[in-house]
Amino acid sequence: MLTVVVTGLRARWASFLGGFVALALGVGLLTTMGLGLSATFHAPERSPQRFASSPVVVQGRDRLVLDVRRGPDTVPVARQLDRPQAVDKEVLRELRARWTVTVNPPAAGHDGPGSRTADGGGPDAVGVDAPADEVKAVVGDRAQVLTGADRVRADPDPERDARALTALNALLGTSGGVTAFVSVFVVASTFAFAVALRRREFGLLRTAGATPGQVRRLLLAEAAVLGAAASATGCALGALGAPLLARTLVDGGLAPAWFTIGTAGWPFHAAFWTGVTVALTGALAASRRAGKVGPTAVLREADVDTDTLPPGRAVLGTGLLLAGIAMLAWTYATEPSELLKRKTYTTLPMLLIGGVALLSPLLVRPTARLLRLRGAVATLVRENSAASVRRTAAVAAPVLVTVALAGTLFGSATSVTHARGAEAREQTTAQYVANGTDLRPVTAPAGAVLSATGATSVFVRDGDEAVVKYGARAVADPAAFASLARLPVVAGDLRDLDDRSIVVNEEFERHRVGETVEVWRADGSGPVRLRVAAVLALGTGDNGPYVTRANAPGVTLDRIDARGGGTATARALEAGGGTVRTADAWAAATHPAGNPQTRLGMILVLGIALVYTVIGLANTLLMATSVRSGELASLRLAGATRAQVLRTVAGESALAVAIGATLGLAVTAAVLGTLGAGLSALSAPPALALPWAPVLASTAVCAAVAVAASALPAWRLVR
């Protein structure tokens, strides 16, 4: 058996080249992504900067710890505060009486003092030159005692590395998922089409006495040999490509400057065995069909495809399609805000794409028959495409995957960004907006209304099982805020906001006007009981909550909305620091149409799909055209010129690409339509945007590759 397999692979190496390249590339990308993912699991060990010379650091509490229910038990849950609390004055006095205490040292690499002054005016942390055990005995539970590497928690923004790695982990995970999805699809499609072309060969084997089981084992053995060789090659390519990926991510701003690839071994094992499994899985369905080929297939002369949609493929495709539609509908009906998240609009469309791609043979023939173009070439293109359903569907399916991914990924991301920008502009009646971290109080000129706000947080229990941290806005003047804000209020009145109340959104567990909400402030103080003054629609996620400055200790104003007063108002805002813009310019600047880092990540994902599509198209059409010598010779004998034959072959490829692009746009329309409905349900502007540039570019690349891969071998056959 092994001799037959190796001999067959050597004799038909051109047919297997595309599958080998696709699988090797897929394993290489999985290895690269796996090595990148392994490097994101742990942030680098950073040495303390702010208190590098102090062996012990005493820091105020930087986490809110509350007890929640976990089944029959109660467990503590910690949530990060916006800033640490001040070190207790009595603790400072006792420490200074015993040891040398360092306060407000400069932080390396940061301008000005590295200290963060805590709420209440005291230092948030101090360095102590003393044994750690003795310091802990003095401090007790009144503050935190940090030693060793834990002292980095007192540095400015100690969580920045973790945040960067979380975002990078999501990007690489998404890219790895797309790689696995597309590689399985392309490899399975390649094997299935190769089996369809070898039908007469299997008929000869059956005539020579081969059993169906031997035919199936032959194909599976070929897949195993091919999969092992391609996977080993892919692992080597991945090892070479991982450092290049790291440099690209750093240069593109998607990863911090210190990000490097580690030496983990599990990505190689995972990628290799995934590649072998994909090859065997792709060959499994094809081998079952090959085993059903009877000895009489060798006598078959008709080129019209039959049995183009086996029952297993029909069931799987229908299941994926119905599952995708059901999950979109369920998400829209229950949690429309989930439609705005990258995880949702990246994963859910894959179900629709897989379902439509598997069912594409059902759509090829009726779509091709719709053409009513005149001329002999157009007639041949239409009839050949309708008759050769397998070939047409094998070309259309990879195009469908690429176009649908381009449309759903870029379209969803752009639509959400546009919706957030439009929502932000609609929510203020201001003429000018000043924003920045160094804003100073401004006196309103005659006839002007100014509303200053700042970012803060509130902590709220969600039932007995969770504690949720909400990003909130602190309002300096509730009356001015109510006159300038145009928020989507569904109940209550913004004018009722005061120091004993809160404006919440519909995401809160308790969101009825007049109800009391128990909250903890940004510094961990509380709980305080605040009355619900108004309820806002959820929107794109930035609607509330709102509190007054009395419930936002230590808040720094970072935005001033202004209306009236003419140019005097603009000059007053400029004197207060920050950046002053018109409201339209502010909305455009703070909610740009495209984030460069996000766009680079989308291009990375789409590039993977496009490369696979190119490989799949080229391989499929080279195989399909190379076995059409008799058909093309018959056209020449019937009077067709060489140019007409080439136009016919190229037209068939272009038509298949057009069918795939049409199906991809249909999937895109379904996803974006559901997203638009979700935005409307959230009372957000449904600013949908179809990304014509990436869609047309992907279609053009597919069309160029398809035409070239079919026309070049056809030109050789008709010379």
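Use the structure listed above.
What comes next concerns the included structure. (Residues numbered from 1 in each chain as written. Predicted model: local features only at pLDDT ≥ 70, side-chain atom pairs only at ≥ 80, totals over all residues. Heavy atoms only, no water.)

1. A closer look at the overall build of the protein
Across its full length, the protein holds 20 helices and 16 strands. For the protein, the proportion of its 719 residues judged to be buried stands at 49%. Considering only contacts in the protein between residues 6 or more positions apart, those separated by 24 or more positions represent 82%. With the model as given, the accessible surface of the protein reaches about 31,900 Å², and the carbon-plus-sulfur share is 59%. (Helix = DSSP H or I, 4+ residues; strand = E, 2+ residues; numbered from the N terminus. Buried < 20%, exposed > 50% of the residue type's maximum accessible area, 1.4 Å probe, protein only. Contact = heavy atoms within 4.5 Å. Areas by Shrake-Rupley, 256 points an atom, 1.4 Å probe, with all protein chains shown as cover.)

2. Quick notes on the nonpolar core
With 78 residues, the main nonpolar core has Val182, Leu249, Phe259 and Val667 as its most contacted residues. Broken down by element, this core gets its largest block of residues, 15 residues, from helix H13 (residues 389-426). Setting aside residues up to four positions removed in sequence, Val667 forms contacts with Leu352, Ile353, Val356, Leu400, Ala404 and Thr408. Core analysis: the next-biggest nonpolar cluster, separate from the first, contains 17 residues, Ala474, Val517, Val519 and Val532 among them. (Core = buried A, V, L, I, M, F, W, Y, C linked by side-chain atoms within 4.5 Å.)

3. Observations regarding the packing of aromatic side chains
Going through the model one piece at a time under the given rule, you end up with three aromatic pairs. Ring geometry for Phe272 against Trp273: centres 5.0 Å apart, planes inclined by 90°, an arrangement best described as edge-to-face. Overall, Trp273 belongs to the exposed group, its relative accessible area being 52%. Centre to centre, the rings of Phe481 and Tyr546 are 5.1 Å apart; their planes meet at 40°, and the pair counts as tilted. With Phe481 in helix H14 (residues 478-484) and Tyr546 in strand S14 (residues 546-548), this pair connects stretches of sequence that are 65 residues apart. (Phe/Tyr/Trp six-rings, centres within 6.5 Å; stacked < 30°, edge-to-face > 60°.)

4. Notes on the pairing of strand S9 (residues 466-475)
Consecutive side chains of a regular strand alternate in pointing toward one face of the sheet and then the other. Inspection of the sheet shows strand S8 (residues 449-462) paired to S9 by ten bridges, in the antiparallel sense. Residue pairing in the sheet places Val460 in a bridge with Val468 of S9. Taking the residues between adjacent antiparallel strands as the criterion, S8 and S9 are bridged by three residues, where Gly463 takes a positive phi near 70°. (Pairing = 2+ DSSP bridges.)

5. A word on the environment of Glu574
Structurally, Glu574 can be placed in helix H15 (residues 567-575). Spatially, the C-alpha atoms of Glu574 and Ala434 are 7.9 Å apart, while their sequence positions differ by 140 residues.

6. Some remarks on helix H20 (residues 692-717)
Between its first and last C-alpha, H20 extends 37 Å over 26 residues, near the 38 Å set by a 1.5 Å rise per residue. For H20, the full list of buried residues reads Pro694, Val695, Ser698, Thr699, Cys702, Val705, Ala706, Ala709, Ser710, Pro713 and Ala714. (Expected span 1.5 Å × (residues − 1).)

7. Re the sheet that holds strand S1 (residues 56-59)
Strand order in this open sheet of four strands is S4-S5-S1-S6, and the pairing throughout is antiparallel. The sheet is open, and its two edges are formed by strand S4 (101-103) and strand S6 (144-147), each paired on a single side. Between one strand axis and the next, the sheet turns through 30° on average, direction left out of account. Pairing of S1 with S6, which is carried by four bridges, proceeds in the antiparallel orientation. Bridge assignment links Val58 to a residue of S6, and that residue is Val145. (Axes fitted to C-alpha atoms, helices over the stretch in contact; angles between N-to-C directions.)

8. Points about the pattern of salt bridges
By the definition in use, this model includes 14 salt bridges. Close ionic contact of Arg391 with Glu652 constitutes a salt bridge, the shortest N to O distance being 3.1 Å. With Arg391 in helix H13 and Glu652 in helix H19 (residues 642-681), this pair connects stretches of sequence that are 261 residues apart. Here Arg473 and Asp558 are joined by a salt bridge, their closest N and O atoms 2.8 Å apart. (Salt bridge = Lys/Arg side-chain N within 4 Å of Asp/Glu carboxyl O.)

9. Here we look at a nonpolar patch on the surface
The grouping of Leu665, Leu690, Trp692 and Leu696 at the surface amounts to a nonpolar patch, some 360 Å² of accessible area in total. For Leu690, the location among the structural elements is in the loop between H19 and H20. (Patch = residues over 30% accessible without salt bridge, like charges linked within 9 Å, V, L, I, M, F, W, Y side chains within 5 Å.)

10. Some remarks on the packing of H13 against helix H16 (residues 583-590)
Running from N to C, H13 and H16 cross one another at 150°; their axes reach a closest spacing of 9 Å. Judged by the inter-axis angle, H13 sits roughly antiparallel to H16. Crossing handedness for the pair H13 and H16: right-handed. Between H13 and H16, the residues in contact are Gly421, Ala424 and Arg425 and Ala583, Asp584, Trp586 and Ala587, respectively. Among the residues forming the contact of H13 with H16, the class breakdown is four nonpolar, one polar and two charged. (Parallel < 35°, antiparallel > 145°, perpendicular 65-115°, else oblique. Left-handed = near helix turned anticlockwise from the far one by under 90°. Nonpolar A, V, L, I, M, F, W, Y, C, P; charged D, E, K, R; others polar.)

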